[in-house]
Number of protein chains: 2
Amino acid sequence: MHKALFAACAVVFVIAAAKSPAQEPLTMSGVLRSSTASDWRQPEPEDLLYMQLDKGLVVFELAPDFAPRHIENLRSLADDHYFDGLAIVRSQENYVVQWADPGAGSSAARNLGQAKNELEPEFYRTREGLAITRLDSEDAYADEVGFATGFPVASDGNRAWIAHCYGTLGVGRATAANSGNSSELYAVIGHAPRHLDRNVTLIGRALLGLQHLSTLPRGTGSLGFYESAEERTPVRTIRFGDQLAVADRIQIEVLRTDTQTFSDLIEARRGRREEWFVDPVGKVGLCNVPIPVRVIE
Amino acid sequence: MHKALFAACAVVFVIAAAKSPAQEPLTMSGVLRSSTASDWRQPEPEDLLYMQLDKGLVVFELAPDFAPRHIENLRSLADDHYFDGLAIVRSQENYVVQWADPGAGSSAARNLGQAKNELEPEFYRTREGLAITRLDSEDAYADEVGFATGFPVASDGNRAWIAHCYGTLGVGRATAANSGNSSELYAVIGHAPRHLDRNVTLIGRALLGLQHLSTLPRGTGSLGFYESAEERTPVRTIRFGDQLAVADRIQIEVLRTDTQTFSDLIEARRGRREEWFVDPVGKVGLCNVPIPVRVIE
């Protein structure tokens, strides 16, 4: 009925046989349809972070290969139920949503318990030892870009880091590099702010429910901070998956990024073959490649 | 109080004298502070589109150098008050918000009046005759990128087009290239979907109020379409600036993109000199360069 912009996205090309994408229009829906069970992985419960809001649940996958110290500190905070009853303190248009203790820095600040107050930054790691599925594309910010352990990554040959794409989960910090400790977190809800790469510790990315954050009213204060307590959205709880009862965990699968299927998906996004496209661009940017997620009911 | 991610953004460096950016830390706030009246332009009322929602106003600047036919058709529709009482029909996470006649295609469809039902697409224009302030950056999608007539643009040397950055305003269409007619419009509310470049007619970009669209609840139907009338947000009115009483127009100024000041701003975004940045990236992507807007009270 509507002139659905990009409606052909919903068209599913049935790809005959197990793998003959070269003979068929290679679309993302076709690639996913022909994927097999081994193309998907189930993140371990301890690598999932559940953020419960009144409106729904946001689930992040954590990246221990990039930020083990910040994730360990976060685990300690979640163990202590540190975040329960805290709030979303910032929502900045085309940028980030951030949650924290509104009383931080005052006498009403919550105790961090066993968690450390300062942490050595994990802005990047060594490139060595990291298997990157390279994306053959130009990138404004880095020499090498691709995917590793389920995350969009960039590298300068020696160092590697998670790229600030839409939905990434980061650790807020003050001016001192070691002032981030996972007690204040943010999610990207706008065009990839890649200038933050290597300047903040990124610890994961949203798999489900990011719309509960991205649709929050923007804060009217400087940098999108809310100006009054009434404007803030409460955070009910934040838990690691293994801190939840088994019945409360969601069975999530993420498409592996080191497979032929994922390479096919990249090519399907690069050369859009859906009928709607008049002039397929033949190119794709790092943050424009989706890493598909599915929930097992 | 908070560990404001990127708090240094708010720090204003006072730049002495009219123009000595080379001697001072070149930050965006510093560049704007040292800008002069001639660095700014007031878009003509006929080049502004006012979209009134219950929650507030969204103002777009139109791009007649790129899409004169679609803007002329849109003017005819706005003249007829075609959009008044229509609705936002789609809100897709990390993608677009779209508005249209919910009855389009049915017997309840509104009449387009003098506006044409089909229009020759304006997916691109000739590169010739367009003054582009080039951005010296790699781009995943185009050989040449930069800014022209106040818009982020890309080019392959022969053709030039507006780039699908956050906030761009486009014309929805069905599969046929000529099926867009400005009666269904969308705004980008996610990471730049540059694969749509040259496949849709873009007619402008948001200057003010985009948060009224980006924070709308996401539609739960395919492609983010709302599944019931109750979910849709009404559109009160859509008017060109010159169709409004003078008292109802907003005095908006946009930083010129063909000036030394704008080049300074690009460099300030490329090499972040704010104290907060530990490892300034030294690079900037097309859709990461803001084109500043201010309202004259």
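Each remark here, short or long, concerns the structure printed above.
Since the model is a prediction, treat every value here as computed from it, not as a measurement.

In the structure shown here, the tally under the stated rule is 34 salt bridges over all chains. Where Asp 156 of chain B meets Arg 159 of chain B, a salt bridge forms, and the shortest distance between an N and an O atom there is 2.9 Å. Owing to a relative accessible area of 29%, Asp 156 of chain B belongs among the partly exposed residues under this scheme. Taking the relative accessible area as the measure of exposure, Arg 159 of chain B reaches 22% and is therefore partly exposed. Where Glu 267 of chain B meets Arg 270 of chain B, a salt bridge forms, and the shortest distance between an N and an O atom there is 3.1 Å. With Glu 267 of chain B and Arg 270 of chain B both in helix H4 (residues 260–270) and three residues apart, this pair spans about one turn of that helix. When salt bridges with common partners are traced through the structure, they connect Asp 156, Arg 159 and Arg 198 of chain A together with Asp 279 of chain B into a single cluster.

In this section: the relation of the copies chain A and chain B. When chain A is fitted to chain B, the best match, at an RMSD of 0.0 Å, comes from turning it 180° and sliding it 0.0 Å along the axis. Overall, the copies show the geometry of a two-fold rotation axis. In this assembly, 100% of the residues forming the interface of chain A have copies in chain B that are likewise at the interface, indicating an isologous arrangement.

Moving on to the sheet that holds strand E4 (residues 87–91) of chain B. Residue and element names in this part refer to chain B. Spatial strand order, E2-E3-E13-E11-E12-E5-E4-E14: eight strands in a closed barrel with antiparallel pairing. In this sheet, adjacent strand axes meet at a mean angle of 35° when their direction is disregarded. Bridging between strand E2 (residues 48–53) and strand E3 (residues 56–62) involves six bridges; their strand directions are antiparallel. Across the sheet, Met 51 pairs through a bridge with Val 58, a residue of E3.

Turning our attention to the state of the cysteines. All names here are of chain A. Summed over the entire model, instances satisfying the criterion amount to two disulfides over all chains. In this model, Cys 165 is linked to Cys 287 through a disulfide, with the two sulfur atoms separated by 2.0 Å. Of note, the bridge from Cys 165 to Cys 287 carries an S-S torsion of about -75° and is left-handed in sense. Placement of the pair is Cys 165 in the loop between strand E10 (159–162) and strand E11 (168–171) and Cys 287 in the loop between helix H4 (260–270) and strand E16 (293–296), with a sequence separation of 122 residues. Residue class for Cys 165 comes out buried when judged on its relative accessible area of 6%. For Cys 287, a relative accessible area of 16% puts it in the buried group.

Definitions and cut-offs
Residues numbered from 1 in each chain as written. Chains lettered and ligands numbered in written order. Predicted model: local features only at pLDDT ≥ 70, side-chain atom pairs only at ≥ 80, totals over all residues. Heavy atoms only, no water. Salt bridge = Lys/Arg side-chain N within 4 Å of Asp/Glu carboxyl O. Buried < 20%, exposed > 50% of the residue type's maximum accessible area, 1.4 Å probe, protein only. Helix = DSSP H or I, 4+ residues; strand = E, 2+ residues; numbered from the N terminus. Least-squares fit on C-alpha atoms with pLDDT ≥ 70 in both. Contact = heavy atoms within 4.5 Å. Pairing = 2+ DSSP bridges. Axes fitted to C-alpha atoms, helices over the stretch in contact; angles between N-to-C directions. Disulfide = S-S within 2.5 Å.

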